[in-house]
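Descriptive analysis of the structure
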Amino acid sequence: MGRLGLPNGGPEDCIPILAAIATRCGRLKLGTSVVQTYPRHPVVLATEANVIDQLAPGRLRIGVGPSHGAIMEMLGIDRRAPFEHLREYVTVLRMLAEGGPVDFEGEHYRVRSTLGRRLAVPIMVDALQPKTFELAGGESDGAITWLCPPSYLATVAMPALEQGAAAAGRKRPLLVAHLAACVHDDGSEVREAVRVGIPNIRFPAYQRMLVRAGLANAIHGEWTDALVDRVIAWGSVERVSDRINEMFDLGADEVLIRPIGAGTASEKVAHHTVASIAAQF
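Cut-off values and rules
Residues numbered from 1 in each chain as written. Predicted model: local features only at pLDDT ≥ 70, side-chain atom pairs only at ≥ 80, totals over all residues. Heavy atoms only, no water. Core = buried A, V, L, I, M, F, W, Y, C linked by side-chain atoms within 4.5 Å. Buried < 20%, exposed > 50% of the residue type's maximum accessible area, 1.4 Å probe, protein only. Helix = DSSP H or I, 4+ residues; strand = E, 2+ residues; numbered from the N terminus. Contact = heavy atoms within 4.5 Å. Phe/Tyr/Trp six-rings, centres within 6.5 Å; stacked < 30°, edge-to-face > 60°. Lys NZ or Arg CZ within 6 Å of the ring centre and 35° of its normal.

Here's the deal with the nonpolar core
Core analysis: the largest hydrophobic core is formed by 85 residues, its most contacted members being Leu147, Ile198, Trp223 and Ile232. Ranked by the residues each element gives to this core, the list is headed by helix α4 (residues 82-97), at eight residues. Once residues within four sequence positions are removed from consideration, Ile232 is found in contact with Leu147, Ala180, Val194, Ile198, Trp223, Arg243 and Ile260.

Details of the environment of Leu28
Structurally, Leu28 is set in the loop between α1 (14-24) and β1 (30-31). Classification of Leu28 by relative accessible area gives partly exposed; the value is 45%. Along the backbone, Leu28 and Leu215 are 187 residues apart, and their C-alpha atoms lie at a distance of 37 Å. Excluding anything up to four places from it in sequence, Leu28 contacts Ile21 and Arg59.

A few points about the packing of aromatic side chains
Here the structure, examined in full by the defined rule, presents one aromatic pair. A centroid spacing of 6.0 Å and a plane angle of 70 degrees characterise the contact between Tyr89 and Tyr109, whose relative ring orientation is edge-to-face. Here Tyr109 lies in the loop between β4 (102-105) and β5 (110-113) and Tyr89 lies in helix α4, a separation of 20 residues in the sequence. Given a relative accessible area of 0%, Tyr89 falls into the buried group. Here the basic side chain of Lys131 rests over the ring of Phe83, its NZ or CZ set 4.7 Å away from the ring centre.

This is the structure we're talking about:
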């Protein structure tokens, strides 16, 4: 497969990128991580998933989440009742993926549509708070976390996911731990890269999650050195691998790695991170 070059300097839409990859590679699994629900109607996402599912049968996985108030405000979108909005979004998406006609009317969506075919596409939910893990357990194919420490997976995420599944009378779906990692020995460069490149700690939802995980300083919305060291997997490949295995040991079914570039050769560090971790697992 040839190298797929992506533009730099601005946000990219993962859906057309995944479609492009699907035409270039016949084996690679494809995933969105988390698509923001408010800017993208569930019928639009379903029709896009339908195309990619035909280009790459059985290889696509999509995740959805309501994002954050500050981000939606930048887009001029009223982010009311995000939890109920997410519940309806997942319901519509799953109904469409079943392939039959959909006739749905809720507080946020009224949908009468059909894709005309069944999709082999798991639908995941972005989860940070207990009730969202419960929603994922009861109504989706799994939960995707971000920046959740290993102890939080064991004491909050997994019990809530299991509770949601039990209430729905179904088997617990996947718990996917999304971990930021950097195989790089210069701690000051890693911490600076996190402060510049991972702004999520400014959002109240992440602050609440990290405080619940025992990291009280997160309430101030700033990456201290101690917070970076507790939340981000960095250092030697052995140290990073230990952090990944800790995620598995405490309940994660899969660990999704976001490589972090650091220092003056940040792109090289990011590629080194991916290659080093791949060689260990």
